[in-house]
Amino acid sequence: MIDQLKTDFDKTITNLKLSNKGIEIRRKSLNQFSENGFPNKRIEDWKFSDLNQIISSNIKGLNFYSNLTSDKVDESIFINKFKHNKIVFINGVISSIDLSHEDETKVSLSKNLDLDEDRKEVNPLISLNNAFTSSYIRVIVHENYSFNNPLIIYNISNNNLKSTALNLRTDIVLEKNTNLKLITLFDDNSENNFINIIQNFDIAQDAILKSYKIDHKKNSNIKYFYNNINLGKNSISENFIFSTGSKFIKNEVNCNLNDQFSSAFINGIINLTDTQHHEIKTNINHLAENTKSYQLIKSVLNDNSKGIYQGKIFVDAKAQKTNGYQLSKALLLNENTEFNGKPELEIYADDVKCSHGSTSGNLDEDSVFYLMSRGLSRQQSKELLINGFLMDAVEKITDFEIKDLIKDLMGIAE
Amino acid sequence: MDAREKEIEKLKDYKYGFSTDIENTRAPKGLNEEVIKFISNIKKEPKWMLDWRLKAFERLKQLKEPNWQKPKYPKIDYQDLYYYSAPKSMDDKPKSLDELDPKLLETYKKLGIPLQEQARLNGIAVDAVFDSVSVATTFKGELNKKGIIFCSMSEAIQEHPELVKKYLGSVIPLSDHYFATLNSAVFTDGSFVYIPEGVRCPMELSTYFRINATETGQFERTLIIANKGSYVSYLEGCTAPMRDENQLHAANVELIALDDAEIKYSTVQNWYPGDKDGKGGIYNFVTKRGLCKGKNSKISWTQVETGSAITWKYPSCILKGDNSVGEFYSIAITNNHQKADTGTKMIHLGKNTKSKIISKGISAGFADNTYRGLVDIARNADNARNFTQCDSLLMGNKCGAHTVPYIKNKNSSSNIEHEATTSKISDEQLFYCNQRGLNQEEAVSLIVNGFCKEVLQQLPMEFAVEAQKLVGISLEGSVG
Amino acid sequence: MLQIKNLKAKIDNKEILKGLNLDIKPGEVHAIMGPNGSGKSTLSNVLSGKKGYSVSGEVKYLNENLLDLEIEERAHKGIFLAFQYPLEIPGVNTNIFLKTSLNAIKKAKGEKELDAIEFLKLVKQKAAELKFDEKILSRQLNVGFSGGEKKKNEILQMSILNPKLSILDETDSGLDIDALKTVSEGVNALRSKDSSFLIITHYQRLLDYIEPDFVHVLINGQIVKSGGSELALELESKGYESLS
């Protein structure tokens, strides 16, 4: 793989026309990745998902270089339920940007691929991304501006993309007292690729971000998402993860509550069939007083699928009056399913309220019986209970339009 | 202040901190084949035992010390330790208590564990282990009548080789991990218990471990076998003198419960924790594992961990027999610079197996307290159930409380529930207790004992009271 | 028994009590009435010694300077505060708590501590007097108790600890009429020529059942009017506004 990496790296940087410094930084990252390659299960964070093994058994001859150019957008896949702004990636290439619903003086964009020095490489996949980032977009929402309509980032792929590692990055900067609803939506029509996406959120004082990540179309791609969220005073970050489409996804959220009265919400559902394998891993760092975090993750596992939730709440000694809550519930509906969890607390302050809970098991037979006694079939009863189980997390979405969109995608009619 | 006054002053904090001035027989310093042969030889062990030890030693050379645990410790120089130390007076095996060195009798009396016939604790048979050897076992005759074997490990190797051969290392394999393997190579003594089929052991069995010698590691080995339909409740207590050096204690405990048998194993661990600045204290690196081998068997671990500079242990249950039950009740209190990384593993292999984990961690001063646990439900463990509750209490913001549970479920008919909370003693609660006339320390002790209640209830009556006091004492000076 | 002179109390630099004067003699029942935020609870907290207030002025209790004493020392000397919101203490059995408390007080007084049997006898007797279901005593302290049960538990503790000065902080809040009656009967049974009461309340209704010797109106950190029990009725009809 090392040779392939080197060749593909040279092709990538030639293609991207970078500054010498930019190339240097990328080369450093490449070396960092090359040292150990894809993480395997001997690394604690990847204990339950051996990415090295997953990639080698699903992708033959992985390329790190892609020379695809922008394809034509199939507009039928756009959400038509509500007006929205669009940034469209096709096969990892930015194909269109439409912010027509917004005041253009209040929003800035940048696509500069020259990375700056201070990007932290906290894991090998971030190094990989830093080395190969081929599409980058930075959205800055200027002070006191609230988006009129949601922004949807479409990540579309078609069958021109094969056995390729795509490395994309988005930075969202919310300046003071701003407001943005963001949906990152995947529409995969490609097979056997590795898609590695970093999203970085800097949320300043009094700003509110609502970010929804939707991966719903069944596909054989392997994905890793790294979300880094920095929260300023009195700011709010609401996140929802809808994880059902790809063969493998690891959704990692690192969230720093840097200043007082900031809050983070991470809710999500994992709903799997066949041999899908999805993981959500969160790291919530309470670094200031009076901060709050809330997490609710619901997993439904069918057939031979595997679900994982690793969640950590860290409370610094400074972060008195922290409120941290974490709950993971999983339904194992088939004898060949598997659920693994590691809900972790690391606490250094005494005046805090932190709790976590985790359950896994089958549907409650008493409830099935109760519904059947009211005339429903076994299948109907189960479906009703499963939907109810998932809805618990969906109901946490505070935006009604988006909540409806997700219910639609789940096939739940109101 | 003269030396004696100093000694008295020190003992206020840790009343077991005295040392006994007694002449020792020691193995030469260091870890090598010769020392292992020395230990085996002085115990007049059969060849199979020595071979077993040497095999472990071979394996040890290929193993690395683990380093994933939270508490880090300075590198231990294994060549700078004594692996065997015994009171000289034990060289010619005293035949009865009357022949036992009075200094030893006095030591145990001071520890509150009288060995003499007339002063014995009612209803508790005691095996007293001093450094590397068992010095006395009480009530042996009475137990013998029921066919119960309760003796030192050394004696068991001589007298009951068939049982030892069959079960030693059957739960903790020779090459399990670094410290367990080290123990297999150099273990010196410990307790052996065998309860025959259908017998309910009429009294609590207890081992009292005492480290006395300096620069000595204690490596004891305990093996308890409960045959079909039998029951035994076993308790261990531990103390050590206050010394500035860190001392290593790496014990292995194996429990085997056959069909319908039940073993209840309780620990009150009060090794010397080091002084207020974190100097000295015991490294308590212990491997404890129980195998519920038979159907309907049950193993229950209860531990009150208040001592040691570093505690690092995970008393575990392998639930192999169908319908078997594993339980783990734990209180871990860390104060000053103490560190604890403790918890359990519940491995569900059989059908309808159940496990329950109740862990209470209390952290004060500059201490760090980690619960680390694994609940693993195998593919075939139909209808397995686990319930886990981990509660942490923090006192002050220089200490830490951590919960690291691993949950693996591969069976869809099984059910795992895990709950954890972290809290503090609220000022309002303290005010309420103060207003009812309790002073600060009484109030803290009361509230903490309330917090620990579910675990304290599991201890045998005689020790519950002692443990409650210990809970209060361990936290003295940590609030206000 | 209790003489308060020019008592001031601040919390977070906000002055709550602004020079309060009060004199309670043995056997007297005093009621302090006042609107929300007038400083009623602060008064009971300061008298029982809760931390967090900066206090000035003079409080003499049994000729001792009360403000110099720790919370538990005040309790040992016979001050009892019936909490407005009694605390829940998980895992601690109510009986054990009461016994520990009673014996701590007895020990401080130099009296013989009660053993388990003597204590249970005393509790049974007191519970019967107060028509209090003693089953509740084997439960965890105030955990899962209803509002009424918590308040009754406070009164039971009061009767067992037999204080000299009982401070009842809004004991009537959250009680239905039956519980109010039980609680009041409990208090009335404890009235004697040696024991005094300070009843802090927002409403007059408690005073229908426990007739005070004196009523004081506390507004904005000061006693603005004092009188006999008729003052309570006057307040009920005219409201606090008439006085402020």
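All of these numbers come straight from a predicted model, not from anything done at the bench.

**Focus: the overall build of chain B**
Across its full length, chain B holds 12 helices and 24 strands. Since a compact globule built from 480 residues should have a radius of gyration of about 23 Å, the 22 Å found for chain B is in line with a globular shape. With the C-alpha coordinates of chain B rotated into their principal frame, the extents come out at 65 × 65 × 45 Å. Relative to its 480 residues, chain B shows a buried fraction of 64%. A total of about 17,600 Å² of accessible surface is found on chain B, and carbon and sulfur atoms cover 48% of it. Treating the 62 positive side-chain charges of chain B as one cloud and the 61 negative ones as another, the clouds have centres 5 Å apart.

**A short note on the pattern of salt bridges**
Tallying each qualifying case throughout the model produces 54 salt bridges over all chains. Among the ionic pairs, Lys342 of chain A bridges to Glu44 of chain A, the shortest N-O distance being 2.8 Å. Remark: Glu44 of chain A occurs in the loop between helix H2 (20–36) and helix H3 (51–58) and Lys342 of chain A occurs in strand E18 (residues 338–347); sequence separation between them is 298 residues. According to the relative accessible area criterion, Glu44 of chain A is partly exposed, its value standing at 33%. Between Lys281 of chain A and Glu252 of chain A there is a salt bridge; the shortest N-O distance is 3.8 Å. Placement of Lys281 of chain A in strand E14 (residues 277–286) and of Glu252 of chain A in strand E12 (residues 248–257) is noted, with a sequence separation of 29 residues between them. For the pair Lys281 of chain A and Glu252 of chain A, one class covers both residues: buried. Members of the salt-bridge network, linked through shared partners, are Glu44, Lys312, Lys342, Glu344 and Glu346 of chain A together with Lys70 and Asp368 of chain B.

**A closer look at the sheet that holds strand E12 (residues 222–227) of chain C**
Residue and element names in this part refer to chain C. Strand order in this open sheet of 6 strands is E6-E9-E10-E3-E11-E12, and the pairing throughout is mixed. The open sheet terminates on both sides in strands that have one partner only, identified here as strand E6 (79–82) and E12. Recorded for the sheet is a direction-independent mean angle of 20° between the axes of neighbouring strands. Here 5 bridges tie strand E3 (residues 29–33) to strand E10 (residues 196–201), and the two strands are oriented parallel to one another.

**Considering the nonpolar core**
Residue and element names in this part refer to chain B. Grouped together as the largest cluster of nonpolar side chains are 76 residues, with contacts concentrated most on Tyr83, Phe179, Leu182, Phe192 and Leu248. No other element matches the 7 residues that helix H3 (residues 47–62) contributes to this core. Once residues lying within four places of it in the same chain are set aside, the contact partners of Phe179 are Glu65, Pro66, Tyr73, Tyr78, Leu248, Ala250, Asn252, Phe285 and Trp312.

**Regarding the interface of chain B and chain C**
At the junction of the two partners, chain B supplies 18 residues and chain C supplies 30 residues. A buried area of about 2,000 Å², summed over both sides, lies between chain B and chain C, and 66% of it is on carbon and sulfur atoms. Looking only at chain B, the three residues that lose the most surface to chain C are Phe431, Tyr432 and Arg436 of chain B, adding up to 38% of its buried area. Applying the counting rule to chain B against chain C returns 2 salt bridges. Between Glu428 of chain B and Lys50 of chain C there is a salt bridge, and its shortest N-O distance comes to 2.6 Å. Where chain B meets chain C, there are 12 residue pairs in polar contact (both at pLDDT 80 or more). Contributions of two or more residues to the side of chain B that touches chain C are made by helix H9 (427–435) and helix H10 (440–451) of chain B. No other element matches the 7 residues that H9 of chain B contributes to the side of chain B that touches chain C. Taken together, the residues of the side of chain B that touches chain C break down into 7 nonpolar, 7 polar and 4 charged.

**Some details on the confidence of the model for chain C**
Confidence in the prediction of chain C, expressed as mean pLDDT, is 88, and 100% of residues score 70 or more. Here the complex is predicted with pTM 0.84, and the ipTM for its interfaces comes to 0.83.

**Description of the pairing of strand E23 (residues 400–409) of chain B**
Counting buried positions along E23 of chain B yields 9 of 10 residues, so the element is predominantly enclosed. Direction of pairing for E18 of chain A relative to E23 of chain B: antiparallel, over a ladder of 6 bridges. Across the sheet, the residue bridging to Phe339 of chain A is Asn409 of chain B, located in E23 of chain B. Where strand E21 (residues 368–377) of chain B lies against E23 of chain B, 10 bridges are found, and the strand directions are parallel. Across the sheet, the residue bridging to Arg372 of chain B is Val404 of chain B, located in E23 of chain B.

**Side note on the sheet that holds strand E5 (residues 64–65) of chain C**
Residue and element names in this part refer to chain C. If you trace the 4 strands from one edge of the open sheet to the other, you get E2-E1-E4-E5, paired in antiparallel fashion. Of all strands in the sheet, those with a lone pairing partner are strand E2 (14–24) and E5, marking the two edges. Note that strand E1 (residues 2–11) and E2 share 8 bridges and pair antiparallel. The residue of E2 that forms the bridge with Ile4 is Leu22. Packing of helix H1 (residues 40–48) onto the sheet brings it into contact with E1, E2 and strand E4 (54–61), and relative to E1 it is tilted by some 110°.

**A closer look at the interface of chain B and chain A**
Taken together, the contact pairs 32 residues of chain B with 36 residues of chain A. For the pairing of chain B and chain A, the buried interface totals around 2,600 Å² over both sides, and the portion due to carbon and sulfur atoms is 47%. For the chain B face of the interface with chain A, the top three residues by lost area are Tyr406, Ile407 and Ser412 of chain B, together amounting to 22%. Linking chain B with chain A are 1 salt bridge. For the salt bridge of Lys70 of chain B with Glu346 of chain A, the shortest nitrogen-to-oxygen distance reads 3.7 Å. Between chain B and chain A we count 21 residue pairs in polar contact (both at pLDDT 80 or more) in total. When contributions to the side of chain B that touches chain A are tallied by element, the ones reaching two or more residues are strand E22 (385–395), E23 and strand E24 (415–424) of chain B. Class assignment for the residues of the side of chain B that touches chain A results in 10 nonpolar, 14 polar and 8 charged. As paired elements, strand E19 (residues 353–361) of chain A and E24 of chain B share 7 bridges and run antiparallel to each other. Paired with His356 of chain A across the strands is Ala420 of chain B, a residue of E24 of chain B.

Rules used throughout
- Residues numbered from 1 in each chain as written.
- Chains lettered and ligands numbered in written order.
- Predicted model: local features only at pLDDT ≥ 70, side-chain atom pairs only at ≥ 80, totals over all residues.
- Heavy atoms only, no water.
- Helix = DSSP H or I, 4+ residues; strand = E, 2+ residues; numbered from the N terminus.
- Rg over C-alpha atoms; globule rule 2.2 N^0.38 Å.
- Buried < 20%, exposed > 50% of the residue type's maximum accessible area, 1.4 Å probe, protein only.
- Areas by Shrake-Rupley, 256 points an atom, 1.4 Å probe, with all protein chains shown as cover.
- Lys, Arg positive; Asp, Glu negative; His and termini not counted.
- Charge placed at Lys NZ, Arg CZ, Asp CG, Glu CD.
- Salt bridge = Lys/Arg side-chain N within 4 Å of Asp/Glu carboxyl O.
- Pairing = 2+ DSSP bridges.
- Axes fitted to C-alpha atoms, helices over the stretch in contact; angles between N-to-C directions.
- Core = buried A, V, L, I, M, F, W, Y, C linked by side-chain atoms within 4.5 Å.
- Contact = heavy atoms within 4.5 Å.
- Buried area = accessible area lost by both parts, 1.4 Å probe.
- Polar contact = N/O pair within 3.5 Å; in protein donor to acceptor, adjacent residues only side chain to side chain.
- Nonpolar A, V, L, I, M, F, W, Y, C, P; charged D, E, K, R; others polar.
- pLDDT = per-residue confidence, 0-100.

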